[in-house]
Amino acid sequence: MIKQERVKTIIKRLEALYPNPPIPLSHRNNFTLLVAVVLSAQSTDRKVNEITPNLFNEASSAEQMVNLGEQNIHSLIRQIGLSRQKAKHIFSLSKILVESFSGEIPRTFEELESLPGVGHKTASVVLAQA
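Below you will find a few notes about this structure. Quick caveat, the model's predicted, so the values are computed rather than measured. Each chain carries its own residue numbering, running from 1 in the written order of its sequence. Since the coordinates come from a predicted model, pLDDT governs what is reported: local features require at least 70, and pairs of side-chain atoms require 80 or more to be given and counted, while whole-chain, interface and lining totals use all residues. The basis for every side-chain value is the complete set of non-hydrogen atoms in the structure, without hydrogens or water.

**Some points on helix α6 (residues 83-101)**
Secondary structure elements follow DSSP: runs of H or I of four or more residues count as helices, runs of E of two or more count as strands, with numbering from the N terminus. For a helix, the expected span equals 1.5 Å multiplied by the number of residues minus one. Between the first and last C-alpha of α6 there are 25 Å, a value that for 19 residues agrees with the 27 Å anticipated at 1.5 Å per step. Among all positions of α6, only Ser-83, Lys-86, Ala-87, Ile-90, Phe-91, Leu-93, Ser-94 and Leu-97 are buried. Down the axis, α6 shows its buried residues gathered within 170 degrees of arc, on one side only. With respect to the buried face of α6, the exposed residues turned more than 90 degrees away are Arg-84, Glu-99 and Ser-100. The contact definition used throughout considers only heavy atoms, calling two residues in contact when any of these lie within 4.5 Å. For α6, the secondary structure elements touched by its buried residues are α2 (30-40), α4 (62-68) and α5 (70-77). A 1.4 Å probe rolled over the protein chains alone gives each residue an accessible area, and that area as a share of the maximum for its type sets the label: buried under 20%, exposed over 50%, partly exposed in between. Arc, as used here, means the arc of the directions from the helix axis to the C-beta atoms.

**Some details on the nonpolar core**
Remark: nonpolar core denotes a set of buried residues (Ala, Val, Leu, Ile, Met, Phe, Trp, Tyr, Cys) joined through side-chain atoms within 4.5 Å. Within the largest apolar cluster, 31 residues are counted, with the highest numbers of intra-cluster contacts made by Leu-34, Leu-39, Met-65 and Ile-77. Secondary structure elements with two or more residues in this core: α2, α3 (45-58), α4, α5, α6 and α8 (120-129). With 8 residues, α2 is the largest single contributor of residues to this core.

**Description of the side chain of His-74**
Here His-74 lies in helix α5. The class for His-74 is buried, based on a relative accessible area of 10%. If we skip the residues at most four places from it in the chain, His-74 touches Ser-83, Arg-84 and Ala-87.

**So, the environment of Ser-61**
Looking at where Ser-61 falls in the secondary structure, it is placed in the loop between α3 and α4. Ser-61 gets classed as partly exposed once you look at its relative accessible area, which sits at 25%. When the C-alpha positions of Ser-61 and Glu-50 are compared, they lie 19 Å apart, and in sequence the two are 11 residues distant.

**Looking at the pattern of salt bridges**
Salt bridges are defined by distance alone: a side-chain nitrogen of Lys or Arg within 4 Å of a carboxyl oxygen of Asp or Glu. For the coordinates displayed, the defined rule picks out 1 salt bridge. Linking Lys-47 and Glu-50 is a salt bridge whose minimum nitrogen-to-oxygen distance equals 3.3 Å. Taken as a pair, Lys-47 and Glu-50 lie in helix α3 at a separation of 3 residues, close to a single helical turn. Classification of Lys-47 by relative accessible area gives partly exposed; the value is 23%.

Written out as structure tokens, the structure is:
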């Protein structure tokens, strides 16, 4: 019980110190935040922020990303590590969002974690910031 009280105290202090922490990944909406977080795995935020403007100019919604296609996504993110796998994940998660979630970002851990390339850490970041 003492640990839980201590955790609550720490959380309150952190929230007071950092009420609106900045998001280091450039994004335009909740969908582009999700894509940026997926891209940030095994990469730096700086590199992600270098490549996402061109990607998001081409596609800033799940539907637009599906229309862009996996090969075009890959060509736009090629400079980032694991680009082939990430392009596949981004295309697939976009398709699922369009088909199963009306293009919207799910609001639960379980639904987010069901998307390709989205683990617990990515889901946590997106739910906390979106």
